[in-house]
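# Reading the structure
Given next are the chains, with one letter for each unit.
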Amino acid sequence: MEQTAHFYLGLIPLMPLIGAVLIGLMHVTTCRGHRFPDKLYAVLACIGPVLACIMAFQVFTILKTLPVEHRILVHKVFTWFSVGELNISMGFMADPLSSLMILFVTFIGSLIHIYSIGYMADDKTYAKFFGYMNLFLGSMLILVLGDGPVVMFVGWEGVGLCSYLLISYYNEDSSNVLAGNKAFIVNRIGDLGFVLGMAFLFWAIGAQGFDYISLKANAHLLPQATAMLVCLLLFVGATGKSAQIPLYVWLPDAMAGPTPVSALIHAATMVTAGVYMVARFSFLYVTVPDAGEIVAWIGILTALVSAIYGMFQDDIKKVLAYSTVSQLGYMFAGVGVAAYSAGIFHVFTHAFFKALLFLGAGSVIYAMHHEQNIWKMGGLKKKLPVTYLTMLVGALALSGCPPFSGFFSKDEILFSAFASGHKAIWAIGVLVAGMTAYYTFRMIFVVFHGEPHSKSSYDHAHEPPPVMTVPLVLLAIGALLAGFFNLPELFGGHQMVSSWLEPSVLDHHAHAEASTEWMVMGSSVLAFVIGFSIAYVKFAKGAQLPVFTGFAKFAYNKFYIDELYDMLFVQPYKSIGAIIWKDFDPNVTDGPRKAISWLYGAIGDAFRLVQTGYVRVYAIYMVIGLSLISLLISQTLN
Amino acid sequence: MFEHIISSMIFLPIIAGLILLLTPVTKNGARAMALVVSVAVLILGLKLYTGFIGAGGMEFVENYVWFPSLGINYTLGVDGISLFILMAGTVLFPSIFLIFTTKSKGYYANLLIAQGAMAGAVCAGDLMLFYIFWEVMLLPIFFMIGLFGGEGKIAATLKITLYTIAGSLLMLAAIFYLGVAFHNQFGIWSFNIVNMAALKLHGTVAVLAFVGFMLAFAIKIPLFPFHTWLPDAYTEGPAAATFVLSAIMAKIGVYAVIRFVIPIFGAEFTRYALIMAYLGVIGMMYCGFAAIAQKDFKRMLAFSSASHMGIIALGLFCMNIQALTGSLFQIVAHATSTGALFLFAGILEERMQTRKIADLGGIAGRAPVFAMFFAIAMLASVGLPGTSGFIGEFLIILGAIKYNVAIGVLAGTSLIIGVCYMLWMFQRVFFEKSNERTEKFRDLSAAEVLAFLPILVLIIVMGIYPQPFIKKIEPAARIQINTILHNMQVADANALLQGTNLEK
Amino acid sequence: MNHDFLLLLPVIIVGAGAVLLMLRAAFGKLALDSASVVCMCIFGLAFAAQACSALAGPEVPFKAAFNGMLMVTDFTRVAGLIILGCGFFTAMSSRSYFKENRFGLEEYYSLITFAAFGMLLLTMSHELMTAFISLEIMSLSIYILVGFNRRCVTCAEAVLKYLMLGAFTGGFFAMGTALIYGGLKSTKFEVIASAVATHGFLHTPALVGGAFFIIFAFLFKVAAFPFHAWVVDVYDGSSIPVTGFMATALKTAVFAIFANFLMLDPGLKGAWVTYLFYISILTMFGGNLIAIGQGSIKRMLAASGIVHTGYLLIALVAVSADRFTGSVILYYLAAYSVSTLGIFAALSYLSGAGEVRSQFEDFKGLARTRPYSAAAITIFLLSMAGIPPTAGFMGKFYVITSAIQAGQVTLAVLGIVSSILSMWYYLRLIINMYFHDAHESFESECTVFAPACTLILAVAVFAISLYPITL
Amino acid sequence: MFAEWLYFGLAALSVLGAIGLILFRHPMNGAMSFVVTLISLAGMYALLSAKLMFAVQLIVYAGAIMSLIVFIIMFLNIQESDLPEEKGRGLYLVGGVVVIAPIAMFLYKIVRTLPGGDTAIVGNGFGEVRNVGMILFKSWLLPFEIISVLLLVALIGAVVVAGKREVGK
Amino acid sequence: MIINYLTLSIILFCLGILGVISRRNVFTVFMSIELMLNAANLAFITFARLHVSMDGHVLAMLVIAVAAAEAALALAVVILLHKHKGVLDTNIFSLLKG
């Protein structure tokens, strides 16, 4: 049984990777000649994720049969590299945390692959898209299954690369490529933190083994200051990947990629890697609560800021993007207050409803011939009923309407924050919950209700094919029911997810009385109701594109943060480069060499003058030389 | 032939090159001959590689007395340090001859001579022999850039030649000094590297000799601020010359530091390592910044290469096994990735007749294979995990952190800096809309694909399964590190001794 | 006496040959071309004789003849070999040279042979007056060779400068001899050596003054700073083969006698080391700086000759007078001679009628039309620049190592710095030859002699470098 | 006593002659002045008991060499207009004296250290042809022989450099 | 007394040097060189008297021979120069320079 699981562990990431390589090779070899049929690619592309999903389920069940304290399976494939005390093996580890992650990653991944078959049908480089998608999934699985930080980093960077490739997928348009570049570069800034964190961690306790099991065992040896440093550096990595302040700027731009990409990468899986990583390193974070505090605050502030942005966006995907950032903020608030299982549970539910929302948006965009501005839609309810209904489920889940999945997971986080004494965080969280409800339903109402704003697009709009709608429905079911997996005891649930995750993460259990719990829950529901009501009042009857002024304009322009970053980092970087190249390098660094060669030439010319050509002058040189030497020799005599 | 496998690897190409130069051969004949010779060398190299045990010492040693009165011997051998640089050259060279088809016979002859000389420099076990090969390997580059270079070729040639010769002549003075010092200390003449390690050097002259060596190698690597010859030479030089310079010759500078400076000038090395490490990391950042400002893709790659060399050099000076092994690994990784990039740049230049980034665009759409290959090399160059570039860079950063946190953090920024200019360039050259110039871009031919395939396979294999390579490097690196540690202990002990004396 | 005769055989062959050539020329019985062949034969024969005496000569290397005025040692033998080789190759390249420059006379070869005769004697001289007369034989022959082209005003100018300054120096030499005679009652080297050995050098001021003037004369002949100024103009003015001969054989001969004189006793040498130290530095740098600005190849080579003198002076400073073998100096001289003669041989058929091609620019694109000649010139230049694996490199290697060994680290480092400075003007010619397009075809109606000479010397550059020679 | 006076007279003459040589603008005047020096020097040789050299100086030097020089000067028919202008001659002379002074001082310093000795005429055939000849052919044979080669070379030189024969047959 | 002769020799020698470096006339210059040789000869003969050895006489004679040979060549060169330029100014002959 365990042997099978080991076997699967190695195979799970390999499945999509093989698909990627296969598709890539087929694509490259045929790109100049006769292409293979798209259907072949579609099938090839889906085999990997689906097989991985099945195996993930197998692993999950096998793990479940094991006693709680033995729910760790490690499969070391080969020694990756080993230098001195550093010994890194290419190993995969399944424990409750990672097995849960791979489960929904592969599941949602498979669904999105299937969805993409329809969505990308007209694309010229169909195979390339699936190659990238499979590569992404493989990398994501390495990230999750990696048995140590270095292996995780492989997946970490791999997903970043795929994100780049897929964002700049429509690469003829330079703004898409720029968005891709931005994503990659910002992610790399985070990666620097990750690498440095790893390095410090290694030199502190990594010599005995640099995988999670050994690290966890030796974590107590870590000095407090180092632990703090490592936690913060790792969190820098997490802010990059999971789009938190200050590195969130790439995610909205990442919407330039095809919509299934946004669903898979920028909503369901990759962006949650940061949360996963913090949960993974919970054994470190629990030793330094201050670090967790910072994580929580960054998270909740990100949630707030991006919720504000989300309220003023007019691109359907941007709205969802900011909502993603916002939800990620919640997750970090959760893991920050040491409610790791709550955070991960939100990752889990969020994956369903956000993938659903993105795919729904994809359907809308597909139907509207790649129109993304919500103010050019409107009244699509009748044209796209399935999409409308499924998206409505997603919206309810996102905005935390009970009993949809989002309600339970979000509430869990807010409750943990409140119960652990982070009242300010909780308060902001509640506020953000209201804002979430507002912008989510603003979007739903503007897109699906009211009158069509663009008659021609409206007329051509039609429901997408079943290959796209079936995944929507499946996801909607997930979004609806996922919350019940972790039903709080208050409702007679057993917190299945939390207890499942128990061995992997070191949860800090905040206990509170039932009344407190009811109060927290009630305030969340209240926030949802308020947000929903405002949105209903303003947009349900149809609304026009508003003109933003004052704070709204400021928020619409995202507080000019992009411009600020451009001014603070990008432009200085470019101008330093230009200064170095144009002025500094030729004049200062190369200055001594230039001076020497100038001097060399000048002296050479000067010496030409000495060679006057007059023989008498030559004789004079000789006599002067002689007389100088005579003077000197005279001194030595006597 | 197999008893003298290294000699064969050195002199087969050199003799072939000379024959090409001295006999009237057609262009294609020359290329065919060059290809055959380089493949023959490759076969010899593979034989050597498979026969290499990797216990840390010299293997395949050839030793003959040459100038007995001065103790100059014809000594050759490989260990874990030299093996991979040797192999990098050996593996990469056939590719050049497959790719560049349009040049004259002098082009191929020079390349062959360069190959042989570089193999000689890497395998030489005698300082004088090393120096001879070290200088000889510059000559083909001199002629390649001067004969086949771009518009500013003469200035570039002069700059690189004078710069590097100035450095190496100072090293020559230091070599002479070492020889004499050895004679004074032991009563016999010897220039053997192993013997040299027994020298006890101290005082100002030792520092000067150390500076002489370091200067030569710093210029070759090139270490900031001695890099100013590099952009011109790399840009103006023909693709193959740039390739040879960046992929192998610069690495020989790094190699030489490990081979000569560490064992012979251990005390000076440990004393000045921090400065060198800073120079390395500053060079990395400096050239990285300069790269972003380039409008010429070859020059950009030149700066990028210099930037990476800064990191590799840094690895040398961190004085721990991780960083050193990382450097050695990165030497090969960088040889493959940057070498490939320069070859791509050469193809691009040859087909597009331009080096301006602004003139290009949309090549990915025209030539997907070319774009993919380029992307792989580029990703390796920016150190993406799964490619060869990551392992070395990671190890170096890891080691740097241990050595000095500030340096380590600065070294880490290479993760960001490299990716900025590379992506920027990739966007403008390969993405965006094609123009009438790039519209006609022809994708790689079968021969070219064949030429690049080994390089790319190497990039991936070294990224995914580097341990077999590291296993051969590590023992030799460990010996060097032990030397350093020993030196440091001695220095500490001396300091302690002096301290106690003062107290008394 | 037999042995003495054997040792002197090369000198006798050369002297007799010179007279023979002169006589045949005087009676007009000899064509110019055959004169060159005869001349080559003479040098070849003498070379063979010298080589025999060097390789399988008498076991006692020191042998006095003519009242102790001549002495043959291994040092003089090898120096003689170099001189004879230079003569041989000069005769060889002259033959081609005179195909295009039609001022050749049979006397030319006779004078070269006479000059070589003087040089051989000079190397062996063990007495000051003999040395003076040998020096004058050599110098006079060379003066005439310099001014051989009577129609050429620059040749006349060159001979004027050379003769005037040479004679001026001769006056000092005579005065120096007189002073030494006054101080020691003898002009023989042995007497000087024993006087220095017993009393020390500074004990006899007349000896100091005399030695000073004599050393000055030698320094002048080898063009050491500040007695160097003539050399550029004279080399420029004389015809190419003569320049080559002058640059190599003359320098060899003078350095031989210089070393012989200086190494008589450590005390004698020790007194001059400081001066030679500074002079060698000044010579290297002065030569380099003059060479930088030159546009003419001959002038550049002349100036680079000054630099090489500087290196040789380093060797003189560095070698120990106790166990003097002179091998370092000889090796350097041989290496320098091979490459210099080679480049002049190449120039002698490439420069065209009336030496029209003399500037760097005139050789643009040579590699395109005459690749082999360009390659040979490149080899010679690299050798002069001291790039391995050429002979010049090994020469520099020996010189610098001996300097370091003698504790003259400063000198060694400055020597290296100087060779860095010298790279540019050597590379400049290579760059002109290779990296520019050809403006002309470099055709010449040359015979096979000079190219063959170039080829042999190009091979020799590597041969004497790579073949292990035990010094 | 007489010898001393003679010495001073001759010395003054020779120095005057030498000064004349370097001051006279026309070489002919210089040559004539130089002959005075040479003859005075011959007298000096006589005072120093160098009987043969006295004769040789007069015959070979003052006689033969100088006549040759004078002959050539006359042969070339040098006019005033042919002569170089030499404007800054005075400056050169003064500068030259300054430059040469150290050499002169040095030489004088050497000379002073030499043992003194009287200059009375030495008898016993000192400096006479026979004795000098004996030494010349016994001890100085080689220089004597090679002098002939030197003269031969000079002969060829004179022919080649100044000869009439046309070149390039 | 000997010192007087030697002093005279030095004076003549230095005047010879002076003549060489201060005059431009070829003849004067060559005669100045002859003067230097004569000064050397005087020294030889004085030293011969000092040592009462006739080697000095032989040496002086040899120097005279050398001087004669040099003079012969010098005059030939003078004629050559005169043929070329018609003047005897050494400064005129400065085509080779720089």
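Residues numbered from 1 in each chain as written. Chains lettered and ligands numbered in written order. Predicted model: local features only at pLDDT ≥ 70, side-chain atom pairs only at ≥ 80, totals over all residues. Heavy atoms only, no water.

## Some thoughts on the overall build of chain C
Scanning chain C from terminus to terminus reveals 18 helices and 2 strands. Its C-alpha atoms give chain C a radius of gyration of 21 Å, within 12% of the compact-globule value 23 Å for 471 residues. Considered along the principal axes of its C-alpha atoms, chain C spans approximately 65 × 55 × 40 Å. When burial is assessed residue by residue, chain C has 75% of its 471 residues classed as buried. The long-range share in chain C, meaning contacts at least 24 apart out of those at least 6 apart in sequence, stands at 81%. Surface exposure of chain C reaches about 11800 Å², of which carbon and sulfur atoms provide 65%. With 24 positive and 22 negative side-chain charges, chain C shows a spacing of 0 Å between the two charge centroids. (Helix = DSSP H or I, 4+ residues; strand = E, 2+ residues; numbered from the N terminus. Rg over C-alpha atoms; globule rule 2.2 N^0.38 Å. Buried < 20%, exposed > 50% of the residue type's maximum accessible area, 1.4 Å probe, protein only. Contact = heavy atoms within 4.5 Å. Areas by Shrake-Rupley, 256 points an atom, 1.4 Å probe, with all protein chains shown as cover. Lys, Arg positive; Asp, Glu negative; His and termini not counted. Charge placed at Lys NZ, Arg CZ, Asp CG, Glu CD.)

## Overview of the overall build of chain B
For chain B, the count of helices and strands is 22 helices and 2 strands. For chain B, the C-alpha radius of gyration of 22 Å lies close to 23 Å, the compact-globule estimate for 504 residues. Viewed in the frame of its principal axes, chain B has a C-alpha envelope of about 80 × 50 × 40 Å. Counting the 504 residues in chain B, one finds 70% classified as buried. Restricting the contact set of chain B to residue pairs at least 6 apart, pairs at least 24 apart contribute 82%. Only carbon and sulfur atoms are counted for the fraction: they give 67% of the accessible area of chain B, which is about 14600 Å². The distance from the centre of the 29 positive side-chain charges to the centre of the 23 negative ones in chain B is 3 Å.

## Things to note about the interface of chain C and chain D
Each side of the interface is counted separately: chain C has 40 residues, and chain D has 29 residues. Carbon and sulfur atoms supply 79% of the area buried between chain C and chain D, which totals about 3000 Å² over both sides. Its largest share of buried area at the contact with chain D, chain C owes to Ile-133, Ile-144 and Arg-150 of chain C, together 20% of the area lost on that side. Seen at the junction of chain C and chain D, the total is 0 salt bridges. For the side of chain C that touches chain D, the elements supplying multiple residues, two or more each, are helix 1 (2-26), helix 4 (106-124), helix 5 (128-146), helix 6 (153-184) and helix 8 (205-221) of chain C. If you tally residues by element for the side of chain C that touches chain D, the top one is helix 5 of chain C, at 9 residues. Each residue belonging to the side of chain C that touches chain D can be placed in one class, and the counts come to 23 nonpolar, 10 polar and 7 charged. (Buried area = accessible area lost by both parts, 1.4 Å probe. Salt bridge = Lys/Arg side-chain N within 4 Å of Asp/Glu carboxyl O. Nonpolar A, V, L, I, M, F, W, Y, C, P; charged D, E, K, R; others polar.)

## Re helix 6 (residues 174-205) of chain A
For helix 6 of chain A, spanning 32 residues, the distance from its first C-alpha to its last is 45 Å, which sits close to the expected 46 Å at 1.5 Å a residue. Burial within helix 6 of chain A is extensive, with 25 of its 32 residues counted as buried. (Expected span 1.5 Å × (residues − 1).)

## Some points on the confidence of the model for chain C
Here chain C shows a mean pLDDT of 88. Residues at 70 or above account for 96%. As scored by the predictor, the complex reaches a pTM of 0.89 and an ipTM of 0.90. (pLDDT = per-residue confidence, 0-100.)

## Here's the deal with the pairing of strand 1 (residues 59-67) of chain B
Residues and elements named next belong to chain B. Pairing analysis gives 6 bridges linking strand 1 to strand 2 (residues 72-78), with the strands arranged antiparallel. From the neighbouring strand, Tyr-64 faces strand 2, where its bridge partner is Tyr-74. Counting the residues between successive antiparallel strands, the hairpin from strand 1 to strand 2 contains 4 residues, one of them, Gly-71, with a positive phi of roughly 65°. (Pairing = 2+ DSSP bridges.)

## Some remarks on the environment of Val-257 of chain B
All names here are of chain B. Structurally, the position occupied by Val-257 is in helix 11 (residues 239-264). Taking the relative accessible area as the measure of exposure, Val-257 reaches 0% and is therefore buried. Val-257 sits 44 residues away from Phe-213 along the chain, and the two C-alpha atoms are 8.1 Å apart. Not counting the four nearest positions on each side in its chain, Val-257 is found in contact with Met-214, Phe-217, Ile-221, Ile-262, Phe-269, Leu-316 and Phe-317.

## Section: the side chain of Glu-127 of chain C
Here Glu-127 of chain C shows up in the loop between helix 4 and helix 5. Despite its burial, Glu-127 of chain C remains without a salt bridge, the nearest opposite charge being carried by Lys-188 of chain C at 7.6 Å. One polar contact links the side chain of Glu-127 of chain C to the main-chain amide nitrogen of Met-129 of chain C, over a distance of 3.0 Å. Separated by 2.7 Å, the side chains of Glu-127 of chain C and Thr-130 of chain C make a polar contact. When sequence neighbours within four positions are dropped, the list of residues in contact with Glu-127 of chain C reads Met-69, Thr-187, Lys-188 and Phe-189 of chain C, Trp-140 of chain D together with Leu-59 of chain E. (Polar contact = N/O pair within 3.5 Å; in protein donor to acceptor, adjacent residues only side chain to side chain.)

## Examining the side chain of Asp-236 of chain C
Summarising the element assignment, Asp-236 of chain C is placed in helix 9 (residues 229-237). Separated by 2.9 Å, the side chains of Asp-236 of chain C and Arg-299 of chain C make a polar contact. Contacts of Asp-236 of chain C, omitting those with residues within four sequence positions, involve Ser-296, Lys-298 and Arg-299 of chain C together with Leu-96 of chain E.

## Describing the environment of Thr-7 of chain E
All names here are of chain E. Relative to the helices and strands, Thr-7 is located in helix 1 (residues 2-22). Each C-alpha atom of the pair Thr-7 and Ala-43 lies 9.2 Å from the other, and the pair is 36 residues apart in sequence. At 2.5 Å, the side chain of Thr-7 forms a polar contact with the backbone oxygen of Ile-3.

## A short note on the nonpolar core
Within the largest apolar cluster, 814 residues are counted, with the highest numbers of intra-cluster contacts made by Phe-213, Phe-217 and Phe-317 of chain B, Phe-261 and Trp-272 of chain C together with Phe-27 of chain E. Not counting the four nearest positions on each side in its chain, Trp-272 of chain C is found in contact with Ile-633 of chain A together with Phe-201, Val-208, Ala-211, Phe-212, Ile-215 and Leu-262 of chain C. (Core = buried A, V, L, I, M, F, W, Y, C linked by side-chain atoms within 4.5 Å.)

## Focus: the interface of chain D and chain E
Contact with chain D, which involves 83 residues of that partner, is made by 68 residues of chain E. Approximately 6600 Å² of surface area, both sides summed, lies buried where chain D meets chain E, with 80% of it carried by carbon and sulfur atoms. One can count 0 salt bridges joining chain D with chain E. Remark: the boundary between chain D and chain E carries 8 residue pairs in polar contact (both at pLDDT 80 or more).

## Focus on the arrangement of the chains
Contacts are most numerous, across the 8 pairs of chains in contact, for chains D and E. Regarding chain B and chain D, which are not in contact, the minimum distance between any of their C-alpha atoms is 37 Å. The two partners chain B and chain E share no contact, and the minimum distance between any of their C-alpha atoms is 24 Å.

## Section: the environment of Phe-441 of chain B
Summarising the element assignment, Phe-441 of chain B is placed in the loop between helix 20 (436-439) and helix 21 (446-464). Among all residues touching Phe-441 of chain B, those that are not within four sequence positions of it are Leu-348, Arg-351, Met-352, Ile-363, Arg-366, Ala-367 and Phe-370 of chain B.

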